[in-house]
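Architecture and fold: a report
If you want the building blocks of each chain, they are given just below.
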Amino acid sequence: MEKRNNMNNDKKIINQLVNKIKSQGYKKICFWMPSVAVNGGVHYMCKLAKYFDENTSLEVYYMDYKDGYARAILNETNVKFLDYIEEEVKFSIKEPCIIFVNSTRVIQLKNMNPKNKVLFWHWETARCAWDKLLLRNETSKLLKLIKNQKAMIFHDWSSRNILNRQFNTGFKNKSYLSMVIDKKDIIADPSSFINEDEINIAWIGRISTDKVYALYNIIDNLANYKTKKIKVLHIIGDGLRYEDLKKYVKKYSKQIVFKLVGIIPNEQLGDYLINNADIVFAMGLSAIESASIRIPTAVVLLDTKPFKTEDFFWLFDTREYCVGITPEQKTDYNVKYTKFKTMIDEVFECGHKKQIANKTYDYYIDNFSDFNAVMIRFLTYIIKCSLTADKIRDCIRYMPYSLIRVTTKKFLNRVLSEKVEFNGQVDKYVNGKLKTKKS
């Protein structure tokens, strides 16, 4: 009864917040994430869009490629899709709309209603190339604007920290839109092992440049772990670095049994992990997936370049929803780190698998299972955001920014002038200042 009352109260609060948004003049929301790749960010964007469609009175839109991944996920909902076409300049919705978009997609934003409210979600755990994307050095000015307008929210501690480290922006707000996994119908029994004579470990994650070195680090640690048991590593995922991975594992083929599983449909992932993994090493949404079925879960460090470390942390030792950090962030992130060997010993030698599994699951329940609580935070962020499209246009001038072409004249590495061509318009800049404008 208490749980039902809490849910009813949450729904009441959510309705009040939606009405507040509508009173600000917004009856539509557009989730902006064009992607053909399978990744956790798209999955979560779709989860948010579906929730808005089913639980609020706002009209819900999703900006995606015609063959985008989100369309398959949301095909049985009332979410309306907008085709993302690179060459198009204008946004098709004329009425005031809320735009919710990943922070790095700012260059995709179209020429739109100047009163459109724009809220950015920064989920990157690696440094971003804004200085290369924003060709006229507007990064600092844009981030200051976003900060002052309360228009940036974060995935977790790591994404906020890396942005501050890279640009010294001073984002102090702990405005987190954390990941959530719904409670599962299946759950692991951690009182036994997959095989008493084996160490079964699973990795879940894309085999991409931003994650593959974390996987290599796990492989190195497992190869160095001394045991008489057979070491088995289940690698779940696919990506652009898959062929590199296959080459990498060959040199460890005598020490580790590799099972390159590829992509497993989300509805089958839980069964596979329960039947094949005693520990999962992962980051992001993948780490929460394994925690939600009561499997001991270790969070990995990740980087876009090779690194070596023996340090990981159990999911239950994290804080501020953090499910992955880079090696450079380690000195800033004050949590308990555990050596790889210690983790394996705790589970397989010391008999603590059940205890660790239960602590992992309890932490998931307390922090990553209540979607209504996340939605209440999310709606509050939307209400407090005051960034509108006209303010972005004043800051970076060209929307969509991805369509500009810049010609630079230099003398002795000094920029004398720049010509910016955009949608038939030509602007000339001298010493960084706009001097002439013609169409």
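Anything mentioned here points back to the structure above.
To keep things clear, this report deals only with the structure shown in the data block.

Basis of the calculations
- Residues numbered from 1 in each chain as written.
- Predicted model: local features only at pLDDT ≥ 70, side-chain atom pairs only at ≥ 80, totals over all residues.
- Heavy atoms only, no water.
- Helix = DSSP H or I, 4+ residues; strand = E, 2+ residues; numbered from the N terminus.
- Buried < 20%, exposed > 50% of the residue type's maximum accessible area, 1.4 Å probe, protein only.
- Contact = heavy atoms within 4.5 Å.
- Areas by Shrake-Rupley, 256 points an atom, 1.4 Å probe, with all protein chains shown as cover.
- Lys, Arg positive; Asp, Glu negative; His and termini not counted.
- Charge placed at Lys NZ, Arg CZ, Asp CG, Glu CD.
- Axes fitted to C-alpha atoms, helices over the stretch in contact; angles between N-to-C directions.
- Parallel < 35°, antiparallel > 145°, perpendicular 65-115°, else oblique.
- Nonpolar A, V, L, I, M, F, W, Y, C, P; charged D, E, K, R; others polar.
- Pairing = 2+ DSSP bridges.
- Salt bridge = Lys/Arg side-chain N within 4 Å of Asp/Glu carboxyl O.
- Core = buried A, V, L, I, M, F, W, Y, C linked by side-chain atoms within 4.5 Å.
- Patch = residues over 30% accessible without salt bridge, like charges linked within 9 Å, V, L, I, M, F, W, Y side chains within 5 Å.
- Left-handed = near helix turned anticlockwise from the far one by under 90°.
- Phe/Tyr/Trp six-rings, centres within 6.5 Å; stacked < 30°, edge-to-face > 60°.
- Lys NZ or Arg CZ within 6 Å of the ring centre and 35° of its normal.

Across its full length, the protein chain holds 14 helices and 17 strands. Taken over the C-alpha atoms alone, the protein chain extends approximately 75 × 65 × 40 Å along its principal axes. Counting over 439 residues, the protein chain shows a buried share of 54%. Across the protein chain, contacts joining residues at least 24 apart in sequence account for 69% of those joining residues at least 6 apart. Of the roughly 20600 Å² of accessible surface on the protein chain, 48% is carried by carbon and sulfur atoms. For the protein chain, the centre of its 71 positive side-chain charges and the centre of its 50 negative side-chain charges are spaced 8 Å apart.

In the contact formed by helix α2 (residues 40–55) and helix α13 (residues 371–384), the axes pass within 12 Å of each other and the chain directions differ by 85°. One element, α2, and the other, α13, form an angle in the roughly perpendicular class. Here α2 contributes Tyr 44, Lys 47, Leu 48, Tyr 51 and Phe 52 to the contact with α13, which in turn contributes Phe 371, Asn 372, Val 374, Met 375, Phe 378, Leu 379 and Ile 382. Of the residues that constitute the contact of α2 with α13, the class distribution is 10 nonpolar, 1 polar and 1 charged.

A few words now on the sheet that holds strand β7 (residues 198–204). The 7 strands lie next to each other as β9-β8-β7-β10-β11-β12-β13, forming an open sheet whose pairing is mixed. Since the sheet does not close on itself, it has two edges, and those belong to β9 (257–262) and β13 (338–339), each with one partner.

To continue, consider the side chain of Ser 178. Mapping Ser 178 onto the fold places it in the loop between α6 (157–167) and β7. Residue contacts for Ser 178: discarding those within four places in its chain leaves Tyr 44, His 155, Tyr 321, Val 374 and Arg 377.

To continue, consider the sheet that holds strand β3 (residues 80–83). Hydrogen bonding along the main chain pairs the strands of a sheet, whether they run parallel or antiparallel. The 6 strands are arranged β3-β2-β1-β4-β5-β6 in an open sheet whose pairing can be described as parallel. A single partner strand is all that each edge strand has here, and the edge strands are β3 and β6 (152–154). Adjacent strand axes in the sheet meet at a mean angle of 25°, parallel and antiparallel pairs treated alike. Here strand β4 (residues 98–102) runs beside strand β5 (residues 117–122); their pairing, made up of 5 bridges, is parallel. Opposite Phe 100, over in β5, you have Leu 119 as the bridge partner.

Enumeration over the complete set of coordinates arrives at 21 salt bridges. With a shortest N-O distance of 3.4 Å, Glu 320 and Arg 160 are connected by a salt bridge. Of this pair, Glu 320 sits in the loop between β12 (311–314) and β13 while Arg 160 sits in helix α6, and the two are 160 residues apart along the sequence. Of the two residues examined, Glu 320 and Arg 160, each falls in the buried class. Put simply, Lys 341 and Asp 345 hold a salt bridge, and the shortest N to O gap is 2.7 Å. Separated by 4 residues within a single helix, Lys 341 and Asp 345 lie in helix α11 (residues 340–348), roughly one turn from each other. Given a relative accessible area of 18%, Asp 345 falls into the buried group. Linked by salt bridges that have partners in common, Arg 127, Arg 165, Glu 328 and Asp 332 make up one network.

One recurring pattern in soluble globular proteins: nonpolar side chains tend to sit buried together. Counting residues in hydrophobic clusters, the biggest one holds 143 residues, and the most contacted among them are Phe 31, Tyr 62, Leu 109, Phe 281 and Phe 378. Membership of the second largest hydrophobic core comes to 14 residues, among which are Ala 188, Leu 273, Ala 277 and Ile 293.

Moving on: a nonpolar patch on the surface. On the surface, a nonpolar cluster with roughly 350 Å² of combined accessible area is contributed by Phe 411, Leu 412 and Leu 416. Along the polypeptide, Leu 416 turns up in strand β15 (residues 414–422). Judged by relative accessible area, which is 39%, Leu 416 ranks as partly exposed.

Turning our eyes to something else, we now look at the pairing of β7. Counting buried residues in β7 gives 6 out of 7 residues, a clear majority hidden from the surface. Pairing between β7 and strand β8 (residues 230–236): 7 bridges, direction parallel. Following the sheet pairing, Asn 200 is matched in β8 by Val 232.

Close contact between helix α5 (residues 139–148) and helix α14 (residues 389–396) brings their axes to 9 Å; oriented N to C, the two are set at 160°. Accordingly, the angle class assigned to the pair α5 and α14 is roughly antiparallel. Between α5 and α14 lies a crossing whose hand is right-handed. Contacts between α5 and α14 pair Lys 141, Leu 142 and Leu 145 from the former with Lys 391, Ile 392, Cys 395 and Ile 396 from the latter.

All right, on to the pairing of β4 then. Within β4, 5 of the 5 residues are buried, which leaves it mostly tucked inside the rest of the structure. Burial of β4 is two-sided: the residues Ile 98, Phe 100 and Asn 102 facing one way and the residues Ile 99 and Val 101 facing the other way are all buried. Bridging between strand β1 (residues 28–32) and β4 involves 4 bridges; their strand directions are parallel. Looking across to β4, one finds that Ile 29 is bridged to Ile 98.

Scanning all chains against the criterion turns up 30 aromatic pairs. Both rings, one in Tyr 44 and one in Phe 371, keep their centres 6.2 Å apart while their planes meet at 75°; by these two values the pair is edge-to-face. In this pair, Tyr 44 is assigned in helix α2 and Phe 371 in helix α13, connecting sequence segments 327 residues apart. Both rings, one in Tyr 398 and one in Tyr 401, keep their centres 6.5 Å apart while their planes meet at 65°; by these two values the pair is edge-to-face. For Tyr 398, a relative accessible area of 1% corresponds to the buried category. Joined through ring pairs, the aromatic side chains of Phe 31, Tyr 44, Tyr 51, Phe 52, Phe 100, Trp 121, Trp 123, Phe 371 and Phe 378 make up one cluster. The ring centre of Tyr 61 lies 5.4 Å from the NZ or CZ of Lys 80, which sits over that ring. One residue, Lys 330, lies across the ring of Tyr 337, its end atom 5.2 Å from the ring centre.

Classification of Glu 320 by relative accessible area gives buried; the value is 18%. Not counting the four nearest positions on each side in its chain, Glu 320 is found in contact with Asp 156, Trp 157, Arg 160, Lys 174 and Tyr 176.

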